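Take a look at the letters that make up each chain.
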Amino acid sequence: MGAVLVYGLINSVILALTAIGFSLTFGISGVANLAHGGLYILAGYLTWQLFIHLGLPYALAAVLAVIICGVIGALIYRLVLLRVRGLMLSEVIATFGLGIAILEALRWAGLISYKYKLPAFIKGGLQIGGVAVDYQRFLAVIIGLLLVAGLWFFTHRTKIGLAFRGIAQNERTALAYGIESDQAAMLSVAFGSALAAVAAIIILPLGVTTVDIGYEILIIAFAVGIVGGLESTLGIVVAAFLLGYSQTFAAMYIGTHWIMIVNLIAIVLVLIIKPSGLFGKFKELEERV
Amino acid sequence: MKGNTIKVVCAGLIALLLAISLMCACAPKPKGAVEPVVFGLPTSLGYWFGVGALNGATMAVEEINAAGGINVGGIKRPIKLESIDTRDSAPGVPTADSLLAIEKLILEKKPAALVVAPNRSEVMLAALDLNAKYKMPQIGTLAKTPAFQTKVTESYDKYKYCFRITTTSIYMGDYHVALCKYLGEKFGFNKVFPILQDVLWARGTADATTKGLEALGWKKVGEAVIPLGVTDFSMPLLKAKDAGAQVIPIFFDMPEVAQLIDQWATMQIPAMPVGVVGPLLDPAAWESYHGKVEGVILHICEAGVWPAPNLPKSKEFFNSYVKRWGKEPEGIAGQSPSYDAVYVMKDAIERAGTLDPDAIVSALEKTDMKGAIGRIRFGKDHQAPYGYDPKETALGLFVQWQKPGNKKVVFPLPIAEANIVLPAWVK
């Protein structure tokens, strides 16, 4: 049982890390950035290339990859999304297409081999309550929790974060207060993309970087976002823990082949019972009416 | 006005491109030019095994063409390899899409034969109907389900065009049973907990392994079937530990399996992992995983992907592959049988003296040649048999990562370069 609790926590935080960038972008700009998975893998690929091919220090390679992904996110908004802002279906199609283009471009560039393995930050492991855990997973939990706390602080205590929340609550009123909505949306897509890169750099060292992970990340981000409420940070955290522990318990006590089904069942149930998600506010009025 | 100008320019460019294309298509062939014999290669080119298979086949084509080409009825012709990505290994790609790609290759490139074939057994089996429809001889080198042999045997007239020289789930099961039997004799093991990917070949192999071991008195203490996309293996590993497993046969062809070994080592699960773990054959695996791969026994499906000490052709292939592509074969299957498949098809066409499909099939059925994988012959089920003596059959083997960071052949015993070593926490 101890192992289930420990690994349930690890998997939950990893799910939260995966989804948090996606949720931030949607919550603030209303854009479902379906290029999230593509940017996630791009970050891993860039880090590997900068670290192995160019010989940069690992930390520097990671930071550069995060910045590059953030800039790409901003460019995605400026060059593509700005032109279709407000047309939800067009935004979804545009970002989905971009995500696939990034992933398949990486596959074409050679991201097929097993050699794209990012090294763990620290070798070895430790015991948590008698359960052996490698340092990378332990760091993923620490960094994940810090990131969530940092995101809460950013959106509640900083000028830019409060501006983001203002845009998310009521764009017209925010505009009346001088908050530039397009700039805020661009920054939110940039931040969301950078967060996807951070998640990639922490999680990808656990295995091999491959293109297929980019498609799976999108499903995970969707599942967590829809269950928790796409625009709610608290919702993301609660949903991540709900799904993380459900998957872990399912794997241990029912059967491993239920792991992927848990996400999909959760999405369907939430969409039936509360389509805006557990802590979601969008469409709440329509739901009540 | 500006809009009209743009339209005129675009129309002009399109017309120019069409004219150039037409000129190229109608250009007379240079005197003496011989029509190449086209070999089609439809498989998952977006994955390491597809790329490896293409690399192996390409090497063979280059060698054959450098030696003058293939002799078809007295005329030497070059071989041209035409590949297409069927994407059959990508999650969520419908089988119909993969079949469309194969049909496109057959109709557009008009190959005389196909080599390699789709990787996913489910798609490979469905594609056999295309071989029947177009009377297309084929030698498969990736998909491993024994259902292939059943189809050929039960409907010979329809599926006679299809052959296969990769190993099968049954042979892989036999090899794992033989290895586990040896582990039982040497270390006293007798409890097994397979962890496998939820795909046809893995289920077949796990099934064959378990049945074989149970017949020897072993106990299957549990099993974990992992769907595609899962990256955390902590729970199945803990279940194996709680069940008292001593050997964990692993059957995975996707990269996520690297995490399984990483977690096995971190959690110090006291059971021996053996089996199909593709990412760990990579020469950098020892360093990438900080030595956590020590003790893992990897099944090499076909000799040549890793050289077998008693098979010089496998060493030749391995060294040629490294020289040609600048790296060792990746993963544990595909490169050497794909290389051999081109030679087998060439040999059959030359003996048939024609590109007539039925004549090629008759010739293929009489194949008896030495390749990088060992001796290649076909049974009535059009499957090349695998065994332990490369003078008689094709050969699979096992290697183990050992200190200070090398892979050693450890089974079959007659060709072992080193003894099997248990990890420190496995008693």
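Residues numbered from 1 in each chain as written. Chains lettered and ligands numbered in written order. Predicted model: local features only at pLDDT ≥ 70, side-chain atom pairs only at ≥ 80, totals over all residues. Heavy atoms only, no water.

Residues and elements named next belong to chain B. Across the junction of K403 and P404, the peptide omega takes the value 0 degrees, indicating a cis bond. Mapping P404 onto the fold places it in the loop between β19 (397-402) and β20 (406-411). Along the chain, F411 connects to P412 via a cis peptide bond; the corresponding omega equals 5 degrees. When you line up the elements, P412 lands in the segment after β20. Notably, R87 is not glycine yet its phi reads approximately 55 degrees, a positive angle. As for its position among the elements, R87 is in the loop between β4 (79-85) and α3 (95-109). Using a relative accessible area of 37% as the deciding quantity, one classes R87 as partly exposed. With a phi close to 50 degrees, K135 is a non-glycine residue in the positive phi region. The residue K135 is located in the loop between α4 (121-134) and β6 (138-140) in this model. Of the residues examined, K135 reaches a relative accessible area of 42% and is grouped as partly exposed. (Helix = DSSP H or I, 4+ residues; strand = E, 2+ residues; numbered from the N terminus. Buried < 20%, exposed > 50% of the residue type's maximum accessible area, 1.4 Å probe, protein only.)

Relative to the helices and strands, K346(B) is located in helix α13 (residues 335-352). If we skip the residues at most four places from it in the chain, K346(B) touches F39(B), I64(B), G69(B) and I70(B). (Contact = heavy atoms within 4.5 Å.)

This part covers the confidence of the model for chain A. Residue and element names in this part refer to chain A. Taken over all residues, the pLDDT of chain A has a mean of 86, while the share at 70 or more is 97%. Helix α12 (residues 284-288) is the least confidently modelled element of chain A, averaging 47 in pLDDT, while helix α3 (residues 58-79) averages 95, the highest of any element. Every residue in residues 285-289 is under pLDDT 50, and counting partners more than four places away or in other chains gives 4 contacts. (pLDDT = per-residue confidence, 0-100.)

Across all of its chains, the model carries 24 salt bridges over all chains by this definition. With a closest N to O distance of 3.0 Å, D182(A) and R85(A) form a salt bridge. With D182(A) in helix α8 (residues 181-203) and R85(A) in the loop between α3 and α4 (88-108), the pair connects residues that are 97 residues apart, well separated along the chain. We classify D182(A) as partly exposed; its relative accessible area is 29%. Look at R85(A) and you get partly exposed, because its relative accessible area is 23%. Between D212(A) and R107(A) there is a salt bridge whose closest N-O contact spans 3.6 Å. With D212(A) in helix α9 (residues 211-228) and R107(A) in helix α4, this pair connects stretches of sequence that are 105 residues apart. Classification of D212(A) by relative accessible area gives buried; the value is 4%. Bridged by salt links that share partners, the residues D368(B), R375(B), R377(B) and E392(B) form one connected network. (Salt bridge = Lys/Arg side-chain N within 4 Å of Asp/Glu carboxyl O.)

Once that is clear, we can look at the packing of aromatic side chains. Residues and elements named next belong to chain B. By the definition in use, this model includes 25 aromatic pairs over all chains. Taking the centre distance of 5.7 Å and the plane angle of 5 degrees together, the rings of Y47 and F49 count as stacked. With a relative accessible area of 7%, Y47 lands in the buried category. Here a set of aromatic residues connected by ring pairs shows up, and it is made of F317, Y321, W325, Y339 and Y343. (Phe/Tyr/Trp six-rings, centres within 6.5 Å; stacked < 30°, edge-to-face > 60°.)

Opposite the 40 residues of chain B that make contact, chain A presents 30 residues. Here chain B and chain A share an interface that buries about 3,000 Å² over both sides, 61% of which is from carbon and sulfur atoms. Considering only the side of chain B, the residues that lose the most area to chain A are M235(B), K239(B) and H290(B), jointly responsible for 19% of the buried surface there. On inspection of chain B and its partner chain A, the count reaches 0 salt bridges. Counting every contact that joins chain B to chain A gives 8 residue pairs in polar contact (both at pLDDT 80 or more). Residue classes in the side of chain B that touches chain A are distributed as 20 nonpolar, 11 polar and 9 charged. (Buried area = accessible area lost by both parts, 1.4 Å probe. Polar contact = N/O pair within 3.5 Å; in protein donor to acceptor, adjacent residues only side chain to side chain. Nonpolar A, V, L, I, M, F, W, Y, C, P; charged D, E, K, R; others polar.)

Residues and elements named next belong to chain B. If you walk across this open sheet you meet the 5 strands as β4-β1-β5-β6-β7, and the pairing is parallel. Pairing within the sheet leaves two strands with one partner each, and these edge strands are β4 and β7 (162-164). Across the sheet, the axes of successive neighbouring strands diverge by a mean angle of 25 degrees, strand direction being ignored. Relative to strand β5 (residues 113-116), strand β1 (residues 37-43) is paired through 2 bridges, and the arrangement is parallel. Its bridge partner being in β5, G40 is matched across the sheet by L114. Taken strand by strand, α4 contacts β5, β6 and β7, and its axis lies near 140 degrees from that of β7. (Pairing = 2+ DSSP bridges. Axes fitted to C-alpha atoms, helices over the stretch in contact; angles between N-to-C directions.)

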